[in-house]
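Observations on the model geometry
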Amino acid sequence: MSGTVGPRPESIFNRFSFEFDGTDDYVNCGNNVTLSPTTELSISAWFKSSATSYQIIASKTYYRVDLINGSGRLLFVVYYSPSNFTSIYTPIGTSYQDGQWHHVLCTHQVNGSHKIFVDGVLLADGASSASNIFAGSTPFIIGNKNTSQSFRFNGNIDEVAFFDSDQSANATSIYNGGVPNDISSLSPISWWRFEGSGTTAIDSGSGGNNGTLTNGVVRSTDVPS
């Protein structure tokens, strides 16, 4: 989906995204226990990038959503022990480093099934030999890999949501035809909408996990619409 650039009136639901420079900036959303479920999780995010580097959309110690360099495929990784993990990829042949807005929803179910939906469509489905998610002790980070502060995102990210539940059944409604909408009825633990001002990313979910803009993340009026 193409983005809209320019001033957006207050009546528009989604007015801002966060723009990352791919060098050193990210959003630190803390390490509240609500961000470390052990059975199910879902991560929803809108993103836009034309950079061909390896990039992280969102990560915590033992789960993350990546945009892979070269192929432009999406990768979802979930660890079930410190050294054992399951990873699934979107198919070869479609790059999401195309400078257009896309929506990704990654889910981990209690039975160990993992899924990646892109723009409302299921594109990857895999299973793990274990169903649990290993709990981590580092913050939830938007825009880079939290354990190494590397693979920084270069582009825009918007409307990031985290759930301690499987949202596979709601993939189409969350995508909403390419227009972010109100997902509060789905009870996200955290929902960073990137509205407002200053260096705080307000959590509009139930978790109260406000993020901190670090090293110069800026709000942009380029948003999915």
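Note on numbering: residues in each chain are counted from 1, in written sequence order. Residue-level local features of this predicted model are given only where pLDDT is at least 70; pairs of side-chain atoms are given and counted only at 80 or more, and the full residue set underlies all totals for whole chains, interfaces and linings. Water and hydrogen atoms were dropped before computing side-chain values, which therefore reflect all heavy atoms in the structure.

Structural notes on the pattern of salt bridges
Rule in force here: Every case where a carboxyl oxygen of Asp or Glu lies within 4 Å of a side-chain nitrogen of Lys or Arg is listed as a salt bridge. Numbering goes from the N terminus for both helices and strands, where a helix is a DSSP run of H or I of at least four residues and a strand is a run of E of at least two. Summary of the burial criterion: residues with accessible area below 20% of their type's maximum are buried, those above 50% are exposed, and those between are partly exposed, where the area comes from a 1.4 Å probe applied to protein chains only.
Tallied over the full model, the rule gives 5 salt bridges. For the salt bridge of Lys48 with Asp222, the shortest nitrogen-to-oxygen distance reads 2.7 Å. Placement of the pair is Lys48 in strand E4 (residues 41-48) and Asp222 in the loop between strand E17 (218-220) and strand E18 (223-224), with a sequence separation of 174 residues. Look at Asp222 and you get buried, because its relative accessible area is 11%.

Section: the confidence of the model for the chain
Caution is warranted with low-pLDDT regions, since their predicted coordinates should not be read in detail. What counts here: Think of pLDDT as the predictor's per-residue confidence, scored from 0 to 100. Whether two residues touch is decided by their heavy atoms; if any such pair falls within 4.5 Å, the residues are in contact.
Per-residue confidence for the chain averages 91 on the pLDDT scale, and 94% of its residues sit at or above 70. Overall, residues 1-11 carries pLDDT values under 50, and its contacts beyond four positions in sequence, including any with other chains, amount to 27 contacts.

Notes on the packing of aromatic side chains
Filter applied, for reference: Put simply, two rings from Phe, Tyr or Trp (the six-membered ring, in Trp's case) pair if the centres are within 6.5 Å, and we call them stacked under 30 degrees between planes, edge-to-face over 60, tilted for the rest.
In the structure shown here, the tally under the stated rule is 12 aromatic pairs. Aromatic pair Tyr62 and Phe134: ring centres 5.0 Å apart, planes at 90°, arrangement edge-to-face. Here Phe134 lies in the loop between strand E11 (121-127) and strand E12 (141-142) and Tyr62 lies in the loop between strand E5 (55-60) and strand E6 (63-67), a separation of 72 residues in the sequence. Its relative accessible area of 17% is what places Tyr62 among the buried residues. Phe134 gets classed as partly exposed once you look at its relative accessible area, which sits at 32%. Each ring, one from Tyr63 and one from Phe140, has its centre 6.3 Å from the other, and the planes form 50°; the classification is tilted.

Here's the deal with the sheet that holds strand E15 (residues 200-201)
Note the following rule: Two strands make a pair as long as DSSP finds a minimum of two bridges between them.
One open sheet accounts for 8 strands, arranged E8-E7-E6-E5-E12-E3-E16-E15; its pairing is antiparallel. Each having just a single partner strand, strand E8 (84-89) and E15 make up the two edges of the open sheet. Relative to strand E7 (residues 74-81), E6 runs antiparallel, the two sharing 5 bridges. Within E7, the residue paired with Leu67 across the bridge is Leu74.

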